[in-house]
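So you can see what is in the structure, the chains are spelled out below.
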Number of protein chains: 2
Amino acid sequence: MNLTHIEHIGIAVRNLEESIAYYENILGLKCYAIEEVADQQVKTAFFRIGDCKLELLVATSDTSPIAKFIEKKGEGIHHLAFATQNLVESLAETSQKGIQLIDQKPRAGAEGLQIAFLHPKSTFGVLTELCQKP
Amino acid sequence: MNLTHIEHIGIAVRNLEESIAYYENILGLKCYAIEEVADQQVKTAFFRIGDCKLELLVATSDTSPIAKFIEKKGEGIHHLAFATQNLVESLAETSQKGIQLIDQKPRAGAEGLQIAFLHPKSTFGVLTELCQKP
């Protein structure tokens, strides 16, 4: 697999506005985009830092995966997303090597990316996303 | 605050060898260093990706912060470390703005870095490390 960089780090928050204010006013980062991803029932806020991004995620419904995560573990880092140059090949290779996939094929994520998740049971507890620019 | 990039992402694991094998054989990254940090009761393994690193952390005793984290939350992403150009100034600024510090002043971390942690109660659940090259 040819992973080029960490595309983003997903962070589950209860309140998007308060969390954005923390990252802007305390850490000095700048929120450059807010986007709703309807099929994941989340609203996201993005910050660039180095060659990576932070993605804050707030649930837009009680049945959102983010709502369930916060209920179980509290606010905090939710997932780690790696950039790959060929998502279909990466998924095939990962699956062949015995890793459990959450998404069998790429689907649309925030920022126009094609994305797929690996199951944390196969990845030593880290909810892992692979993503590719369109 | 002038954060330049994400220095590393800390990941708590139960078994360092098995976890290294996953990151090498499945994700194709290369472990370039293993280091014990005695005062934190951890052994660490490092991987470079883009301008960032992954730091796997395994407890070397039952009283290690990593052992406690895994007992409470399971294996997974433990902390997020930002690179700052002036750690003392960054800590002073952060504290002045009302953020609770775990480390009031810099201390020695892995890889010769000067490091300090912010308390996750002040940072929306993300255990946050600031670090500076010596």
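The structure contained in this document is the topic of the report that follows.

What counts as what
Residues numbered from 1 in each chain as written. Chains lettered and ligands numbered in written order. Predicted model: local features only at pLDDT ≥ 70, side-chain atom pairs only at ≥ 80, totals over all residues. Heavy atoms only, no water. Buried < 20%, exposed > 50% of the residue type's maximum accessible area, 1.4 Å probe, protein only. Helix = DSSP H or I, 4+ residues; strand = E, 2+ residues; numbered from the N terminus. Pairing = 2+ DSSP bridges. Core = buried A, V, L, I, M, F, W, Y, C linked by side-chain atoms within 4.5 Å. Contact = heavy atoms within 4.5 Å. Buried area = accessible area lost by both parts, 1.4 Å probe. Salt bridge = Lys/Arg side-chain N within 4 Å of Asp/Glu carboxyl O. Polar contact = N/O pair within 3.5 Å; in protein donor to acceptor, adjacent residues only side chain to side chain. Nonpolar A, V, L, I, M, F, W, Y, C, P; charged D, E, K, R; others polar.

Brief notes about the pairing of strand E3 (residues 42–49) of chain A
Looking down a regular strand, the side chains alternate between one sheet face and the other. Residues and elements named next belong to chain A. Across the eight residues of E3, six count as buried, placing the element largely inside the fold. The antiparallel hairpin formed by strand E2 (residues 31–37) and E3 contains four residues in its connecting segment, where glutamine 41 sits at a positive phi of about 55°. Hairpin connection of E3 to strand E4 (residues 52–59): two residues between the antiparallel strands, including glycine 50 at a positive phi of 60°.

A few points about the nonpolar core
Ranked by internal contacts, the top residues of the largest apolar core, which has 64 residues, are A:Ile9, A:Leu54, B:Ile9 and B:Leu54. With residues near it in sequence (within four places) discarded, A:Ile9 still touches A:Cys52, A:Lys53, A:Leu54, A:Glu55, A:Ile77, A:His79, A:Leu80, B:Ile6, B:Ile9 and B:Leu80.

Here's the deal with the sheet that holds strand E8 (residues 128–132) of chain B
All names here are of chain B. Spatially, the eight strands line up as an open sheet ordered E2-E3-E4-E1-E5-E8-E7-E6, and their pairing is mixed. Two strands bound the open sheet, and with one partner strand each, they are strand E2 (31–37) and strand E6 (107–108). The sheet contact formed by strand E1 (residues 3–12) and strand E5 (residues 76–84) spans eight bridges and is antiparallel. Pairing of isoleucine 9 across the sheet is with leucine 80, part of E5.

A word on the interface of chain B and chain A
Taken together, the contact pairs 39 residues of chain B with 38 residues of chain A. Both faces combined, the contact of chain B with chain A buries some 3300 Å², and carbon together with sulfur accounts for 72% of it. Counting the contacts that link chain B with chain A gives zero salt bridges. Here chain B is connected to chain A by four residue pairs in polar contact (both at pLDDT 80 or more). At the level of elements, E1, helix H1 (16–25), strand E4 (52–59), E5 and helix H3 (87–96) of chain B are the ones that each hand at least two residues to the side of chain B that touches chain A. Top element by residues in the side of chain B that touches chain A is E1(B). It accounts for six residues. Of the residues assigned to the side of chain B that touches chain A, the class counts are 20 nonpolar, 13 polar and six charged.

Side note on the sheet that holds strand E8 (residues 128–132) of chain A
On the basis of which strands lie adjacent, the open sheet formed by eight strands has the order E2-E3-E4-E1-E5-E8-E7-E6 (chain A) and mixed pairing. For this open sheet the edge positions go to E2 and strand E6 (107–108) of chain A, each flanked by a neighbour on one side alone.

Description of the side chain of B:Glu7
All names here are of chain B. Positionally, glutamate 7 belongs in strand E1. Classification of glutamate 7 as buried rests on a relative accessible area of 7%. A polar contact of 2.7 Å, which involves the side chain of glutamate 7, links it to the side chain of histidine 8. Setting aside residues no more than four positions away along its own chain, glutamate 7 makes contact with Cys52, Lys53, Ala81, Phe82, Ala83, Leu113 and Cys131.

What to know about unusual backbone geometry
Non-glycine residue A:Phe124 carries a positive phi angle of around 55°. Structurally, the position occupied by A:Phe124 is in the loop between strand E7 (114–118) and E8. For B:Gln41, which is not glycine, the phi dihedral falls at a positive 55°. Following the sequence through the fold, B:Gln41 ends up in the loop between E2 and strand E3 (42–49).

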